[in-house]
Amino acid sequence: SQELEQSPQSLIVQEGKNLTINCTSSKTLYGLYWYKQKYGEGLIFLMMLQKGGEEKSHEKITAKLDEKKQQSSLHITASQPSHAGIYLCGADPNTDKLIFGTGTRLQVFP
Amino acid sequence: DSGVTQTPKHLITATGQRVTLRCSPRSGDLSVYWYQQSLDQGLQFLIHYYNGEERAKGNILERFSAQQFPDLHSELNLSSLELGDSALYFCASSSVWLNEQFFGPGTRLTVL
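Rules used throughout
Residues numbered from 1 in each chain as written. Chains lettered and ligands numbered in written order. Predicted model: local features only at pLDDT ≥ 70, side-chain atom pairs only at ≥ 80, totals over all residues. Heavy atoms only, no water. Helix = DSSP H or I, 4+ residues; strand = E, 2+ residues; numbered from the N terminus. Rg over C-alpha atoms; globule rule 2.2 N^0.38 Å. Buried < 20%, exposed > 50% of the residue type's maximum accessible area, 1.4 Å probe, protein only. Contact = heavy atoms within 4.5 Å. Areas by Shrake-Rupley, 256 points an atom, 1.4 Å probe, with all protein chains shown as cover. Lys, Arg positive; Asp, Glu negative; His and termini not counted. Charge placed at Lys NZ, Arg CZ, Asp CG, Glu CD. Disulfide = S-S within 2.5 Å. Core = buried A, V, L, I, M, F, W, Y, C linked by side-chain atoms within 4.5 Å. Pairing = 2+ DSSP bridges. Axes fitted to C-alpha atoms, helices over the stretch in contact; angles between N-to-C directions.

Peer 1: I'd like a rundown of the overall build of chain B, residues and numbers included.
Peer 2: Within chain B, the secondary structure is distributed over zero helices and eleven strands. Ordered by position in the sequence, the α and β elements of chain B form the string β-β-β-β-β-β-β-β-β-β-β. A compact globule built from 112 residues would reach a C-alpha radius of gyration of about 13 Å, and chain B, at 13 Å, matches this within 12%. Projecting the C-alpha coordinates of chain B onto the three principal axes gives extents of approximately 35 × 30 × 25 Å. The 112 residues of chain B split such that 52% are buried. A sequence separation of at least 24 residues applies to 54% of the contacts in chain B between residues at least 6 apart. Summing over all exposed atoms, chain B offers an accessible surface of approximately 5,300 Å²; the carbon and sulfur share of this is 48%. In chain B, 8 side chains carry a positive charge and 11 a negative one; their mean positions are 3 Å apart.

Peer 1: Describe the state of the cysteines, naming the residues involved and giving the relevant values.
Peer 2: Residue and element names in this part refer to chain A. Tallying each qualifying case throughout the model produces two disulfides over all chains. Between Cys-23 and Cys-89 runs a disulfide, and the two sulfur atoms are separated by 2.1 Å. Between Cys-23 and Cys-89, the S-S torsion sits near 75°, and that sign places the bridge as right-handed. With a gap of 66 residues between them, Cys-23 in strand 3 (residues 19-25) and Cys-89 in strand 9 (residues 85-91) connect regions that are remote in the sequence. In terms of burial, Cys-23 and Cys-89 fall into one category: buried.

Peer 1: I'd love a proper account of unusual backbone geometry, names of residues and values included.
Peer 2: Of note, the bond from Ser7(A) into Pro8(A) is cis; its omega dihedral lies within 30 degrees of zero at -10°. Relative to the assigned elements, Pro8(A) resides in the loop between strand 1 (4-7) and strand 2 (10-14). The residue Glu59(A) is not glycine, and still its phi comes out positive at about 55°. By the secondary structure assignment, Glu59(A) is in the loop between strand 6 (55-58) and strand 7 (61-66). For Asn51(B), which is not glycine, the phi dihedral falls at a positive 50°. Mapped onto the secondary structure, Asn51(B) falls in the loop between strand 5 (42-50) and strand 6 (53-57).

Peer 1: Give me the nonpolar core: which residues, what numbers.
Peer 2: Formed by 22 residues in total, the largest nonpolar core has its most connected members in Leu19(A), Ile21(A), Leu32(A), Trp34(A), Leu74(A), Tyr87(A) and Leu106(A). Of all the secondary structure elements, the ones that give two or more residues to this core are strand 2, strand 3, strand 4 (32-37), strand 5 (43-49), strand 7, strand 8 (71-76), strand 9 and strand 11 (104-109) of chain A. Leave out the neighbours within four places in its chain, and Ile21(A) touches Gln6(A), Ser7(A), Leu11(A), Trp34(A), Ser72(A), Ser73(A), Leu74(A), Tyr87(A) and Thr104(A). Ranked by size, the runner-up nonpolar core spans 21 residues in total, among them Leu21(B), Trp34(B), Ile60(B) and Tyr89(B).

Peer 1: How would you summarise the sheet that holds strand 8 (residues 74-78) of chain B if you had to cite specific residues and measurements?
Peer 2: Picture the strands of a sheet paired through backbone hydrogen bonds; they go either parallel or antiparallel. All names here are of chain B. Here we have four strands laid out as an open sheet, ordered 1-3-8-7, and antiparallel in their pairing. Looking at strand neighbours, the two that pair on one side only are strand 1 (5-7) and strand 7 (64-68), the edges of this open sheet. The sheet shows a mean angle of 15° between the axes of neighbouring strands, direction not considered. In terms of strand pairing, strand 1 meets strand 3 (residues 19-24) through three bridges, oriented antiparallel. Note that in strand 3 the partner of Gln-6 across the bridge is Cys-23.

Peer 1: Outline the sheet that holds strand 3 of chain A, listing residues and values.
Peer 2: Residues and elements named next belong to chain A. On the basis of which strands lie adjacent, the open sheet formed by five strands has the order 1-3-8-7-6 and antiparallel pairing. Each edge of the open sheet is held by one strand with a lone partner, namely strand 1 and strand 6. Averaged over all adjacent pairs, the angle separating strand axes in this sheet is 15°, with direction ignored. Direction of pairing for strand 6 relative to strand 7: antiparallel, over a ladder of four bridges. Its bridge partner being in strand 7, Lys-56 is matched across the sheet by Ala-63.

Laid out in structure tokens, this is it:
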């Protein structure tokens, strides 16, 4: 079965710094989703990537899908305390089921 | 506010009991998904309903069952509860399968 591995598991950065979170799949990615979760709350959809090489941006967050490497990256530019939370990547393994990575916990300190 | 509502917000019960979690999707969304999130297992997909019919099944135990009603709200029934069933249960909805999913605030289930 397909698995998603996220790295790093945890990240602590100073406000204003850039950071990158990676999501690597054990099998081919047919669709990749990024979500953000505040502790104990529901997930907020960030972006969906479907084509190899696709890149999308929303405000200071950019996500890319590298289909060859079966990997996606999420890059945050000039991080702010509001970016703190748990970032989860999700994927469709082409079996009508959605799977999620283990998450990356991001803390941003002033 | 995602537009997806879940009740109750918190639920505390004992082992062996049965509970029902309720989800109302966003207006117009035909798809409802259920997820379980625990510290050791992460976010696990349980089941997906589309317009009243089961569309996909994930890691859902036989003690768990779900249904989607004609008004599109959904219920997740958990029976013979065990300590390990303690988790956050999320419901999400979308207009189209594998499109943006809108998550509810979750139901925190504690089994004592």
